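So you can see what is in the structure, the chains are spelled out below.
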Amino acid sequence: MDAPGVQWLNKMELINFDEQHDLYSWAANKFSALGEDAIKNRRQFDVALSGGSTAQAFFKTLAKERPAQEMLSHSAFFVSDERAVPLTSADSNAGNAWRMLLDPLGVLPSNYFPLYDGSQSPALCAHAYEQKLKGCLPLNEEGIPIFDLIYLGIGEDGHTASLFPHSALLIDIMHNPCLVQASGEPVNGHERITFMPKLILSARHICVMAPGAGKARIIDRMLHEPLNCEKWPAQLILRSGHPGLTLLLSS
Ligand code: 6PG
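Everything in this summary refers to the structure shown in the same document. (Residues numbered from 1 in each chain as written. Predicted model: local features only at pLDDT ≥ 70, side-chain atom pairs only at ≥ 80, totals over all residues. Heavy atoms only, no water.)

1. Regarding unusual backbone geometry
Phi is mostly negative for residues that are not glycine, and the peptide bonds are mostly trans. A positive phi angle, near 65°, is found at His166, a position not held by glycine. Note on placement: His166 falls in the loop between strand S6 (149–153) and strand S7 (180–182). Taking the relative accessible area as the measure of exposure, His166 reaches 55% and is therefore exposed. The residue Asp172 is not glycine, and still its phi comes out positive at about 50°. (Helix = DSSP H or I, 4+ residues; strand = E, 2+ residues; numbered from the N terminus. Buried < 20%, exposed > 50% of the residue type's maximum accessible area, 1.4 Å probe, protein only.)

2. Some points on the packing of helix H1 (residues 20–42) against helix H2 (residues 52–65)
Between H1 and H2, whose axes approach to 9 Å, the crossing angle comes to 60°. Taken together, H1 and H2 sit at an angle that is classed as oblique. In the crossing of H1 with H2, the sense of the turn from one axis to the other is right-handed. Counting all contacts with H1, which are made through Tyr24, Ser25, Ala27, Ala28, Asn29 and Phe31, the residues of H2 involved are Thr54, Ala57, Phe58, Thr61, Leu62 and Glu65. (Axes fitted to C-alpha atoms, helices over the stretch in contact; angles between N-to-C directions. Parallel < 35°, antiparallel > 145°, perpendicular 65-115°, else oblique. Left-handed = near helix turned anticlockwise from the far one by under 90°. Contact = heavy atoms within 4.5 Å.)

3. Examining the side chain of Ser92
Here Ser92 is to be found in the loop between strand S5 (81–83) and helix H4 (93–102). Not counting the four nearest positions on each side in its chain, Ser92 is found in contact with Glu82, Val85, Pro86, Leu87 and Arg99.

4. Topic: the pairing of strand S10 (residues 245–250)
Among the 6 residues of S10, 6 are classified as buried, and the element is accordingly described as predominantly covered. Burial along S10 is two-sided: Leu245, Leu247 and Leu249 facing one way and Thr246, Leu248 and Ser250 facing the other are all buried. Inspection of the sheet shows strand S2 (residues 12–17) paired to S10 by 5 bridges, in the parallel sense. In the sheet register, Glu13 faces S10, and the bridge partner there is Thr246. Relative to S10, strand S9 (residues 205–210) runs parallel, the two sharing 5 bridges. (Pairing = 2+ DSSP bridges.)

5. Focus: the site of the ligand
Near the ligand, the surroundings consist of 13 residues, among which Thr54, Asp81, His159, Ala161 and Lys215 are the closest. Gly51 has a polar backbone atom sitting 3.2 Å from an oxygen atom of the ligand. Here Arg83 contributes a side-chain N or O atom positioned 2.8 Å from an oxygen atom of the ligand. Those elements that place two or more of their residues in the shell around the ligand are H2 and S5. Its residues placed into classes, the shell around the ligand shows 2 nonpolar, 7 polar and 4 charged. (Near = heavy atom within 4 Å. Polar contact = N/O pair within 3.5 Å; in protein donor to acceptor, adjacent residues only side chain to side chain. Nonpolar A, V, L, I, M, F, W, Y, C, P; charged D, E, K, R; others polar.)

6. Quick word on helix H7 (residues 213–224)
Counted at 1.5 Å a residue, the expected span for H7 with its 12 residues is 16 Å, and the 16 Å between its end C-alpha atoms agrees. Listing the buried residues of H7 in full gives Gly214, Lys215, Ile218, Ile219, Met222 and Leu223. The arc that holds the buried residues of H7, viewed along the axis, is 160°, so those residues lie on one side. Exposed residues on H7 whose side chains face more than 90 degrees from its buried face are Arg217 and His224. (Expected span 1.5 Å × (residues − 1). Arc of directions from axis to C-beta.)

Shown next as structure tokens:
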């Protein structure tokens, strides 16, 4: 599918679709292309899924596209942030990814790594997850796990993953050695756990999906107004100059 309106902004591939369903279809094709390439070159495809309604709409499209079973059998799925709720909760990003995408695609439970399952505190889950990532993903020269693909959504307040405006997590964030961290503060009623920017920016590819006019407006401000990552944490990713960053927008 030829994507309409591809631009390159600070190395970021920015694509603006007329229709949301075209955004999700394009993203599904990109998933399979990146997966095939990862399997061919590294025999493994490590993906971190995001949460929220955008992710759920993408899951439904991807589940219908049915990526190749051979690729899925060499793929491992993680989540880039989570709410501290049981996997059975409709608010669980890991639970929704399993119910809407991975289980329908026949992904084995052994290839899926939820971030929070209620077995210990969010802070201990975050630490354990970071150790798990270091044990099962390739590491870069700084010892940071390398994902092949990380998905992110964007909130209209400028958050991404569970990095929210004015959060204590943002203090000196690029010098914080933690790669996965509990927020320690309830957001929308739940304590959160989130990938930190250094982990996100170590991925080979980052796909940010931000459909709709409201998200387009905040994205435009974050791309073109002065950098203020405490106010708009998503700028940590969007203005990073990461060479594998794709931003998908729609009207
Ligand atoms: C979450 C996500 C969060 C989400 C944005 C966009 O746990 O909800 O990680 O960062 O991606 O809030 O959410 P919507 O797609 O629902 O607008």
